[in-house]
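One-letter residues, chain by chain:
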Amino acid sequence: MLRIVAVLLVISAVLLGIRALDTPAIGTPSEPRLETPDNSDYYMTEAVVHQMNENGGLDYRMTLAETLHFPDDSARMTDIDVHYLAGTKTYWDVTAKHGRVPPGKRDIYLYDGVKGRHPKANGNVVDITTDNAWVRPDADRIDTEAHVTAVEPGQRVEGDGMEVNLKTDKLRLLNNVQVTYTP
């Protein structure tokens, strides 16, 4: 009988030891270990980026549904909205479904439904659509080589390639430009 009690005590001790090893330590999160998507080194959801100018004013605000950052300092983003204020009397809003930042760069390549909106000082609003565009915050510029359509009340302008100087508020289409005026 003493042997049976000893065997039961040994079995109980082994089972308690196995359970103790399987239970997280006090202060250790009990949630499962998370993996970053697509081998990114970190990611953010519902992120808001604020870029300030040298005077402490807001240059731009960018909101992102998700951003993945990689060890080579590149990034991929989804559902991007850039609200750009620097140097303009009003603002520029640029949105896209997807974007990326190449390794070691600060420029943002937007693609998949790129749209721009700019209320002008005279009250008109310019709406821009294109397949892709670069937002270059250090140069205060947006540019693309893709086909662009810009519409404002009374006119529609189409062309291949575009440059927007955000400091001077100037939009310029580069090649094969066609303008249609409507009364």
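Look a little higher up for the structure.
**Details of the nonpolar core**
Moving on, step 1. In this structure, Met 62, Ile 80, Ile 108, Leu 110, Ile 128, Ile 142 and Met 162 are the most contacted members of the largest nonpolar core, which totals 28 residues.
Moving on, step 2. It is strand β3 (residues 75-84) that provides the largest number of residues to this core, a total of five residues.
Moving on, step 3. If near-sequence neighbours (up to four positions away) are discounted, Ile 80 is found in contact with Met 62, Thr 63, Leu 64, Val 94, Thr 95, Ala 96, Lys 97, His 98, Gly 99 and Leu 110.

**Let's talk about the packing of aromatic side chains**
Moving on, step 1. Overall, the coordinates contain three aromatic pairs when judged by the stated rule.
Moving on, step 2. With centroids separated by 5.8 Å and ring planes inclined at 10 degrees, the aromatic side chains of Tyr 60 and Tyr 84 adopt a geometry described as stacked. In this pair, Tyr 60 sits in strand β2 (residues 58-69) while Tyr 84 sits in strand β3, placing the two residues 24 residues apart along the sequence.
Moving on, step 3. Counting every residue linked through ring pairs, the aromatic cluster contains Tyr 109, Tyr 111 and Trp 134.

**Regarding the environment of Val 157**
Moving on, step 1. Among the structural elements, Val 157 can be located in strand β8 (residues 155-165).
Moving on, step 2. The exposure class of Val 157 is buried, given its relative accessible area of 15%.
Moving on, step 3. Ignoring anything within four residues of it in the chain, the contact list for Val 157 reads Val 148, Thr 149, Ala 150, Leu 173, Val 177, Gln 178 and Val 179.

So, how was this worked out
Residues numbered from 1 in each chain as written. Predicted model: local features only at pLDDT ≥ 70, side-chain atom pairs only at ≥ 80, totals over all residues. Heavy atoms only, no water. Core = buried A, V, L, I, M, F, W, Y, C linked by side-chain atoms within 4.5 Å. Buried < 20%, exposed > 50% of the residue type's maximum accessible area, 1.4 Å probe, protein only. Helix = DSSP H or I, 4+ residues; strand = E, 2+ residues; numbered from the N terminus. Contact = heavy atoms within 4.5 Å. Phe/Tyr/Trp six-rings, centres within 6.5 Å; stacked < 30°, edge-to-face > 60°.

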